[in-house]
Amino acid sequence: MIDKRPFGTLGHADHGWLNARHHFSFADYYDPARMSWGALRVWNDDEIAAGAGFPPHPHQDMEIITYVRQGAITHQDSMGNKGRTGAGDVQVMSAGNGVRHAEYNLEPETTTLFQIWIMPRERGGQPSWGAKPFPKGDRSGKFVTLASGFADDADALPIRADARVLGATLKAGESVTHQVGANRHAYLVPAVGTIEIDGERVNARDGVALSGGKTFTITAIEDAEIVLVDSE
């Protein structure tokens, strides 16, 4: 029910300007046991050097969520969108039938972020982009939906997938629960802090795959910031 993936076991690529860890097979990192978890296909833990970034490149048929942990990322795309997303905030790009975009760290410091790719419920459609601040204080002691493919999550950024991206901040000793429905999949990473999930110790930046059909109790051993994807 709990598959812990310690940070040291993740795929690793150091390009100088980009120091990346891969929770799932990506680029030159291939592990047949870590191809995806439900509709979740990519979870990259990226450190981007000041003044560096990803030059324009294409995507298609993927929901791409960027959760900025430190610093900021500046986005520009072929739809004419441009925006800066700072620490704790989220941007979403639905690649749809095709889009080109660039992501640069224009800050004087290293930017760290989670880049999450979720497979859409159907292929095609017009691409779109959006970003939104999510103050950490609003997530204190509870999960808040950051991005969602469900209409009842009106305050979340929309994605075209049967999935939710959730965030929570916990003080040491605080707990939250999360129910993973039958035939669904959850994947959780503490951006900061050490936690326990039903007694299993999880360190910062470890990944945890949670199977469906169970309610899990997540307790902060120290102050923690948690990101979780719940998908079909």
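Residues numbered from 1 in each chain as written. Predicted model: local features only at pLDDT ≥ 70, side-chain atom pairs only at ≥ 80, totals over all residues. Heavy atoms only, no water.

## Details of unusual backbone geometry
So, point 1. Within the chain, Asp 198 stands out as a residue other than glycine whose phi angle is a positive 50 degrees.
So, point 2. Along the chain, Asp 198 falls in the loop between β18 (195–197) and β19 (200–202).
So, point 3. Residues other than glycine seldom take positive phi values, yet Arg 205 does so here, at roughly 75 degrees.
So, point 4. With respect to the helices and strands, Arg 205 occurs in the loop between β19 and β20 (207–211).
So, point 5. Looking at Arg 205, the relative accessible area reads 18%, which means it is buried. (Helix = DSSP H or I, 4+ residues; strand = E, 2+ residues; numbered from the N terminus. Buried < 20%, exposed > 50% of the residue type's maximum accessible area, 1.4 Å probe, protein only.)

## As for the sheet that holds strand β16 (residues 175–180)
So, point 1. If you walk across this open sheet you meet the four strands as β16-β21-β18-β19, and the pairing is antiparallel. Lying at the two open borders of the sheet, with one neighbouring strand each, are β16 and β19. Direction aside, the axes of adjacent strands within the sheet are offset by 25 degrees on average.
So, point 2. Examined bridge by bridge, β16 and strand β21 (residues 214–220) share six bridges and lie antiparallel to one another. Bridge pairing links Thr 177 to Thr 217 in β21. (Pairing = 2+ DSSP bridges. Axes fitted to C-alpha atoms, helices over the stretch in contact; angles between N-to-C directions.)

## Focus: the pattern of salt bridges
So, point 1. Scanning all chains against the criterion turns up 13 salt bridges.
So, point 2. Residues Arg 84 and Glu 107 are paired through a salt bridge, measuring 3.1 Å at the closest nitrogen-oxygen approach. In this pair, Arg 84 is assigned in strand β8 (residues 82–86) and Glu 107 in the loop between β10 (99–104) and β11 (111–118), connecting sequence segments 23 residues apart.
So, point 3. The exposed category is assigned to Arg 84, whose relative accessible area is 54%.
So, point 4. Look at Glu 107 and you get buried, because its relative accessible area is 15%.
So, point 5. Members of the salt-bridge network, linked through shared partners, are Asp 45, Glu 47, Arg 69 and Arg 205. (Salt bridge = Lys/Arg side-chain N within 4 Å of Asp/Glu carboxyl O.)

## Comments concerning the pairing of β21
So, point 1. With three bridges joining them, β18 and β21 adopt antiparallel strand pairing. Bridging from a neighbouring strand, Ile 197 pairs with Ile 218 of β21.

## Quick word on the nonpolar core
Nonpolar side chains in soluble globular proteins tend to end up buried together.
So, point 1. Grouped together as the largest cluster of nonpolar side chains are 27 residues, with contacts concentrated most on Trp 43, Ile 116 and Ile 118.
So, point 2. Secondary-structure elements contributing two or more residues to this core are β4 (40–48), β6 (63–70), β9 (90–94), β11, β13 (144–148), β15 (163–170), β17 (185–192) and β22 (224–231).
So, point 3. Once you skip the residues sitting within four places of it in the chain, Ile 118 turns out to touch Ala 39, Leu 40, Met 62, Glu 63, Ile 65, Ile 159, Ala 161, Ala 163, Val 165 and Val 229.
So, point 4. Counting residues in hydrophobic clusters, the runner-up holds 19 residues, among them Leu 166, Val 208, Leu 210 and Ala 220. (Core = buried A, V, L, I, M, F, W, Y, C linked by side-chain atoms within 4.5 Å. Contact = heavy atoms within 4.5 Å.)

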